[in-house]
Amino acid sequence: MGSAPTPIPDTPIYAVEIVTDNEDVAVLGELLAAMDFPPQALSSYENLETGKGTSYVLCDTQAEETAARKQVEALLTQWGTLLQGEVHEIRDNVIKREDWSESWKKYFHPFRASRRLVIKPSWEDFSAEPEDILLEIDPGMCFGTGSHGTTRGCLEFLDDLADDGNAERPRSLIDAGCGSGILSMAADKLGYGPIFAFDYDPQAILVTHENFDRCNLKTVQVSEGDVHDLVPPFQADLVLANILAPILLEAKENILKMVRPGGLLVLSGILTGQYDDVRDAFVALGAVELENRTLAEWTSGLFRI
């Protein structure tokens, strides 16, 4: 006799709803994805009668929704000029869960984020190759999966630079704007250390700690701080700055101070159309571009300091 089906949770879905003109829905979707909200947490529709579209960020809890709304408001303050029209409304909503809670999982499967790094959900199996490094996550609705171009650019650089055959490979690492902590988790798996991670958002720090606890990661030092003025406990061989382009430009001097002389810097979170401006600003301060990579609409760059 088969086991009984798992009951469908009766807790609601908490949503941030952003109302824009229809022509801005696609651009806003890209910007929200750049914050590494997983695809299953994002939804939208366009109303052809009114000409206004609604974009959703879906969350499991009210606390997550409150944090997501703060992220959305910060995003629109920094990148709102990329939209053709105005943001008409940002509102909170509670949606009946029904069977949605489990159904989103069909959209999240194991995927190769870099040459060796494979990200997989905890509920699926994966036949790993001998050199594969598995990063198992259980993201919920608002924990990024690492699939977006900005995060994947960082993961690719992390993997490529973790060459134990190179005596000069970077070891110490700073994760600037750590978000959910996924880059630090990957760096630990790849043998980086010491690792220092920080974010200005206290909710992000809370989520990072929860994710580290889930995978029993105890070696990463985590702190709340602002990239504009934070002084880390050490200068790193490699700094990952996966942050919105306007913030990279504002904080460029302090970011450069985080890298040891001769060290490396990865700049990400940059729409391809913005990359030249960001690159030129850092090059003007002495950084040397070694490489850049474009994934979808997003470009990440590797620099020697």
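Because the structure is a prediction, the values reported are computed rather than measured. Note on numbering: residues in each chain are counted from 1, in written sequence order. Thresholds applied to this predicted model are a pLDDT of at least 70 for local features of residues and 80 or more for the giving and counting of side-chain atom pairs; totals over whole chains, interfaces and linings are not thresholded and use all residues. Side-chain measures were taken over the full set of non-hydrogen atoms in the model, leaving aside hydrogen atoms and water.

Q: Whenever I open this one, the pairing of strand S14 (residues 298-304) confuses me. Can you help?
A: On any regular strand, side chains alternate: one points to one face of the sheet, the next to the other face. Type-normalised accessible area, obtained with a 1.4 Å probe on protein chains alone, sets the label of each residue: buried when under 20%, exposed when over 50%, and partly exposed for intermediate values. Secondary structure elements are taken from DSSP: a helix is a run of H or I of four residues or more, a strand is a run of E of two residues or more, and numbering for both begins at the N terminus. For S14, a buried count of six out of seven residues is recorded, marking the element as mostly surrounded by other parts of the structure. Bridge analysis of strand S12 (residues 259-271) against S14 gives six bridges, and the strand direction is antiparallel. Across the sheet, residue Ile-270 finds its bridge partner in S14, namely Thr-299. Following DSSP output, two strands are said to pair if at least two bridges run between them. With seven bridges joining them, strand S13 (residues 288-295) and S14 adopt antiparallel strand pairing. By the bridge assignment, Glu-289 is partnered in S14 with Phe-303. Turn length for the S13-S14 hairpin, with the two strands adjacent in sequence and antiparallel, is two residues, and the turn residue Ala-296 shows positive phi of about 55°.

Q: Please explain the environment of Ala-176 as it appears in this structure.
A: Mapping Ala-176 onto the fold places it in strand S8 (residues 173-176). When its relative accessible area of 0% is taken as the criterion, Ala-176 is described as buried. Taking the C-alpha atoms as reference, Ala-176 lies 6.9 Å from Asn-242; in sequence the two are 66 residues apart. In this description, contact between two residues means that some pair of their heavy atoms is separated by no more than 4.5 Å. Not counting chain neighbours up to four residues away, the residues in contact with Ala-176 comprise Phe-198, Leu-240, Ala-241, Asn-242 and Ile-243.

Q: What am I meant to see in the packing of helix H1 (residues 25-34) against helix H2 (residues 62-79) here?
A: The description of two helices packed together rests on the angle between their axes and the distance between the axes. The geometry of H1 relative to H2 is characterised by a closest axis approach of 11 Å and an angle of 120° between their N-to-C directions. Taken together, the axes of H1 and H2 are oblique relative to one another. Remark: the crossing between H1 and H2 carries right-handed chirality. Taking contact as the criterion, the partners of Leu-28, Leu-31, Leu-32 and Ala-34 in H1 are, on H2, Val-72, Leu-75, Leu-76 and Trp-79. Amino acids are sorted into nonpolar (Ala, Val, Leu, Ile, Met, Phe, Trp, Tyr, Cys and Pro), charged (Asp, Glu, Lys and Arg) and polar (every other residue, Gly among them). Its residues assigned to classes, the contact of H1 with H2 comprises eight nonpolar, no polar and no charged. Fitted lines through C-alpha atoms serve as axes, helices being fitted only where they are in contact, and the angles separating the N-to-C directions of these axes extend from 0 to 180 degrees. Under this scheme an angle from 65 to 115 degrees is roughly perpendicular, one under 35 degrees roughly parallel, and one over 145 degrees roughly antiparallel; angles in between are oblique. Handedness of each helix crossing follows the sense of rotation of the near helix against the far helix: counterclockwise by less than a right angle gives left-handed, clockwise gives right-handed.

Q: Hey, could you run me through the sheet that holds S12 in this one?
A: Backbone hydrogen bonds are what pair the strands of a sheet, in a parallel or an antiparallel way. Strand order in the open sheet made by the seven strands is S10-S9-S8-S11-S12-S14-S13, with mixed pairing throughout. In this open sheet, the two edge strands, each paired with only one partner strand, are strand S10 (221-224) and S13. Taken over all neighbouring pairs, the strand axes of this sheet differ in orientation by 15° on average, direction set aside. Relative to S12, strand S11 (residues 236-242) is paired through six bridges, and the arrangement is parallel.

Q: Mind showing me how you'd approach the packing of aromatic side chains here?
A: Two aromatic rings are characterised by how far apart their centres lie and by the angle between their planes. Between the rings of Phe, Tyr and Trp (Trp by its six-membered ring), a pair exists once the centres lie within 6.5 Å; its type follows the angle of the planes, with under 30 degrees stacked, over 60 edge-to-face, and the other angles tilted. In total, this model carries two aromatic pairs according to the counting rule given. Ring centres of Trp-79 and Trp-298 lie 5.6 Å apart, and the angle between their planes is 20°; this geometry places the pair in the stacked category. Taken together, the positions of Trp-79 in helix H2 and Trp-298 in strand S14 put the pair 219 residues apart, joining distant regions of the chain. There is no split in this pair, since Trp-79 and Trp-298 are both buried. Comment: the charge-over-ring label is applied if NZ (Lys) or CZ (Arg) is within 6 Å of the ring centre and within 35 degrees of the ring normal. We note Arg-169 situated over the ring of Tyr-192; from NZ or CZ to the ring centre the distance is 4.6 Å. Lying over the aromatic face of Phe-157, Arg-293 brings its terminal NZ or CZ to 4.4 Å of the ring centre.

Q: Would you take a moment to explain helix H5 (residues 182-189) for this structure?
A: The α-helix winds at 3.6 residues per turn, so residues separated by three or four positions along the chain end up facing the same way. When you tally the buried positions in H5, you get six out of eight residues, the bulk of the element. Regarding H5, the residues found buried are Ile-182, Leu-183, Ser-184, Met-185, Ala-186 and Ala-187. In the stretch just after H5, Gly-191 is the one whose phi turns positive, near 90°.

Q: Got a minute to help me understand the pattern of salt bridges in this structure?
A: A carboxyl oxygen of Asp or Glu within 4 Å of a side-chain nitrogen of Lys or Arg is what we treat as a salt bridge. For the structure shown, the criterion picks out 17 salt bridges. Taken together, the shared-partner salt bridges in this structure form one network comprising Glu-156, Asp-160, Glu-291 and Arg-293.

Q: Explain the sheet that holds strand S3 (residues 52-59) here, please?
A: With respect to topology, four strands assemble into an open sheet ordered S2-S3-S1-S4, the strand pairing being antiparallel. A strand with exactly one partner marks an edge of an open sheet, and here the two such strands are strand S2 (42-46) and strand S4 (89-95). Strand-to-strand twist in this sheet, taken as the mean axis angle between neighbours without regard to direction, amounts to 25°. Across the face of the sheet, H1 comes into contact with strand S1 (13-21), S2 and S3 while running at roughly 175° to S2. The strands touched by H2 are S1, S3 and S4; relative to S1, the strand with the most contacts, the crossing angle is about 20°.

Q: So what exactly am I meant to see when it comes to unusual backbone geometry here?
A: In most cases, non-glycine residues show a negative phi, while peptide bonds are predominantly trans. Look at the link from Gly-193 to Pro-194: it is a cis peptide, with omega at 0°. Mapping Pro-194 onto the fold places it in the loop between H5 and strand S9 (195-199). For Asn-216, which is not glycine, the phi dihedral falls at a positive 60°. Position of Asn-216 relative to the elements: it lies in the loop between helix H6 (202-214) and S10.

Q: Any chance you could explain the confidence of the model for the protein here in plain terms?
A: As a per-residue measure, pLDDT tells how confident the predictor is, with possible values from 0 to 100. Per-residue confidence for the protein averages 86 on the pLDDT scale, and 89% of its residues sit at or above 70. Within the protein, helix H3 (residues 100-103) has the poorest average pLDDT of any element, 52, and helix H8 (residues 252-257) the best, 98. In the model, residues 1-8 has pLDDT below 50 throughout and makes two contacts with residues more than four positions away in sequence or in other chains.

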